[in-house]
Amino acid sequence: MDATFNGSKIMSDASSRDETRLRLRNLRPEDHRALSRLMSRAYTGIENSRWSRDEFVAQINRFPEGQLCIEDNGEVVAAALTLIVNYARFGDRHTYDQITGNGYFTTHDPNGDVLYGVDVFVDPDYRGMRLGRRLYDARKELCRSLNLRAIIAGGRIPGYHKYADSMSPEEYVQQVRRKEIYDPILSFQLANDFQARRVIKGYLPDDKDSLGYATVLEWSNIHYEEREAPAIAAPKVVVRVGTVQWQMRPMETVDELMGQVEFFVDALAGYNADFALFPEYFDAPLMSRYNEFSPAEAMRKLAGHTDEIAERFQELAIAYNINIIAGSMPVYENGSLYNVAWLFRRDGTRDTQYKLHVTPDEKKYWGTQGGRNLKVFDTDAGRIGILICYDAEFPELPRLLSDRGMQILFVPYWVDTKNGYLRVQRCGQARAIENECYVVITGSVGNLPRVENADIQYSQSAIYTPADFAFPHDGIAAESTPNTEMTLIVDLDLDKLKELRDEGSVQNYRDRRRDLYQVRWLPGEL
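Residues numbered from 1 in each chain as written. Predicted model: local features only at pLDDT ≥ 70, side-chain atom pairs only at ≥ 80, totals over all residues. Heavy atoms only, no water.

Focus on a negative patch on the surface
Keep this limit in mind: Each patch groups residues whose relative accessible area exceeds 30% and which form no salt bridge, using 9 Å between like charges and 5 Å between nonpolar side chains of Val, Leu, Ile, Met, Phe, Trp and Tyr. Only the protein chains shown count as cover for residues, with accessible areas throughout obtained via the Shrake-Rupley method and a probe of 1.4 Å. Note on definitions: salt bridges are taken to be side-chain nitrogens of Lys or Arg within 4 Å of carboxyl oxygens of Asp or Glu. Think of it this way: Lys and Arg go in the positive column, Asp and Glu in the negative one, and His and the chain ends go nowhere. A charged residue contributes its charge at one atom only: NZ of Lys, CZ of Arg, CG of Asp or CD of Glu. The helix and strand labels rest on DSSP assignments: H or I over at least four residues marks a helix, E over at least two residues marks a strand, and numbering proceeds from the N terminus.
Taken together, the side chains of D361, D416, E452 and D455 present a region of like negative charge at the surface. Its place among the elements puts E452 in the loop between strand 18 (444-446) and strand 19 (462-464).

Observations concerning the environment of I388
As a reminder, the rule being used: It only takes one pair of heavy atoms within 4.5 Å for two residues to be counted as in contact.
If you trace the backbone, I388 turns up in the loop between strand 15 (382-386) and helix 11 (396-403). Sequence separation between I388 and R134 is 254 residues, and the spatial gap between their C-alpha atoms is 48 Å. Setting aside residues no more than four positions away along its own chain, I388 makes contact with E280, S328, N339, V340, A341, Q353, Y354, K355 and P412.

Re the packing of aromatic side chains
Note the threshold: Working definition: a ring pair exists when centres of Phe, Tyr or Trp rings (six-membered ring for Trp) sit within 6.5 Å. Plane angles under 30 degrees give stacked, over 60 give edge-to-face, the rest tilted. A simple rule labels every residue: compare its accessible area, found with a 1.4 Å probe on the protein chains alone, to the largest value its type can have, and call it buried under 20%, exposed over 50%, or partly exposed in between.
For the structure on display, the rule yields 27 aromatic pairs. Aromatic side chains W246 and F278 sit 5.9 Å apart centroid to centroid with 70 degrees between the ring planes, which places their arrangement in the edge-to-face category. Residue W246 is found in strand 8 (residues 238-248), and its partner F278 is found in the loop between strand 9 (275-277) and helix 8 (295-303); the two are separated by 32 residues along the sequence. You can call F278 buried: its relative accessible area is 0%. For the pair W246 and F282, a centre-to-centre distance of 6.1 Å together with 90 degrees between the ring planes defines the contact as edge-to-face. Placement of the pair is W246 in strand 8 and F282 in the loop between strand 9 and helix 8, with a sequence separation of 36 residues. What makes W246 buried here is its relative accessible area of 0%. F282 sits in the buried class, given a relative accessible area of 0%.

Brief notes about the pairing of strand 10 (residues 323-333)
Going by this rule: For two strands to count as paired, DSSP must find a minimum of two bridges between them.
For strand 10, a buried count of 9 out of 11 residues is recorded, marking the element as mostly surrounded by other parts of the structure. Note: strand 10 against strand 11 (residues 336-344), 8 bridges, orientation antiparallel. Across the sheet, the residue bridging to Y332 is L337, located in strand 11. Linking two consecutive strands that pair antiparallel, namely strand 10 and strand 11, is a turn of 2 residues; a positive phi of about 50 degrees is found at N334 within it.

Here we look at the pairing of strand 16 (residues 408-412)
Quick reminder of the rule: The path from the first strand over the helix to the second decides the hand: if it runs clockwise while the strands point away from the viewer, the crossover is right-handed.
In terms of burial, strand 16 is a largely internal element, 5 of the 5 residues being buried. Side chains I408, F410 and P412 project from strand 16 onto one buried face, and the interleaved L409 and V411 project onto a second face that is buried too. In the sheet, strand 15 pairs with strand 16 via 3 bridges, with the strands oriented parallel. Pairing of I384 across the sheet is with I408, part of strand 16. For the segment spanning strand 15, helix 11 and strand 16, crossover handedness is right-handed. Relative to strand 17 (residues 438-442), strand 16 runs parallel, the two being bridged by 5 bridges. Bridging from a neighbouring strand, I408 pairs with Y438 of strand 17. Crossover strand 16 to strand 17 through helix 12 (residues 418-435) is right-handed.

A look at the side chain of R346
Threshold: Polar contact criterion, stated in full: a pair of N or O atoms within 3.5 Å, where within protein one must be able to donate a hydrogen and the other to accept it, and residues adjacent in sequence count only if both atoms are side-chain atoms.
You can see R346 is positioned in the loop between strand 11 and strand 12 (350-354). A polar contact of 3.0 Å, which involves the side chain of R346, links it to the backbone oxygen of N321. Filtering out sequence-adjacent residues up to four positions away, R346 remains in contact with K236, A273, D274, A317, I318, N321, I322, N323, D380 and A381.

As structure tokens, then:
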């Protein structure tokens, strides 16, 4: 959709306006309302041309340096949006929705080779001040600074509808190139050193002025230097995931618990796993110390150990060079009890994901409350999400995470019967298909005598894939033996997920009818 402005009017730049104060800066989430107004004014011939807030925030989160605007005395009057892509994945016959990830920039690849121009638009009152040129110059500087080989964009040809009865779009482009016809966008882009490589059909079907056609435009970075493949810290394509199917047994001390934890961390790290996943409430064996208390009091006693256990998990993640999802542990804060999953990265950082949907038993026996935040986590082995047990049975949450680039969903669970397990298992497989991601689940086995509401367990850990030719025919990468303490170790190819979205037999993520329905996070930005 790059771009919307009229380059035919030439004014004496900012000095022609009284008290004009122009400033180039990066866009911020709080600019959404102003940007929506600007897009409504700039795009008059295209339906559904405005970015939703969810889309806009996702764009900024993925590539903040690429989202630019010009403000006049604090008011946004022009903007340009970009992302980085591995252009060979798309080629010249792409559509606007395909290359932008349906507006969420899930296609952004920091290791790509091309800066892709998504949008440029200028307030009609400011056309003629060459703000479009300023934004294009800023894009070129960004391309050079990132050492990308080119800027490529799909350029609208809004003047074509006037000539469609007498010439093909290719002939129209040729006439514009020869300056026999003036096109308000293509003429500007050619004047800014872009070359029209070809015409593509159906690029933006709602663009009535261009009749859905667009040109593939390219500006080559003459300063580009071929990059050598990094020897260290190269982005991972194949990720090794390990799960722990955990045996519940009474334990008296944190040292005893962590001794068993370290045994499994050591085993998975010995196979160079990138992730180790533990179950929900894996620390429940310590509740056997408090069986004289009510279930609610015992769970709050257990929460008293969480800080110490978390510190020791962080030490293990660093010492064994492995990212650990420490299932979940109870957290008691501000007079409320929560069920919280923990991510301990091997670089020494940590994050948490609160369980949002609390089961009836958790409320009844322990008084657990649901959290209010949903997160996507960046790691050195991909972008991941964590949903605790029951949360995975609500498809809206994985969809929101997928919209923000989640590649692997980890689901630590704790169930007592096979039918409870089957809910998690079948929902996990559905989430993998719906969101074209990997789903990793694990739980606990064994018994905890005299621990009320935690006495029996059922588990069969598994790793699920999308269902297509590049993956196992049944969508199951691996499954454990039911109700046996053991580990699973599986390699997951992240590139297969990219290929699936572009070339899959069916494309669930891409084919969603966003013109009919959407999923939004109501509390605010994720």
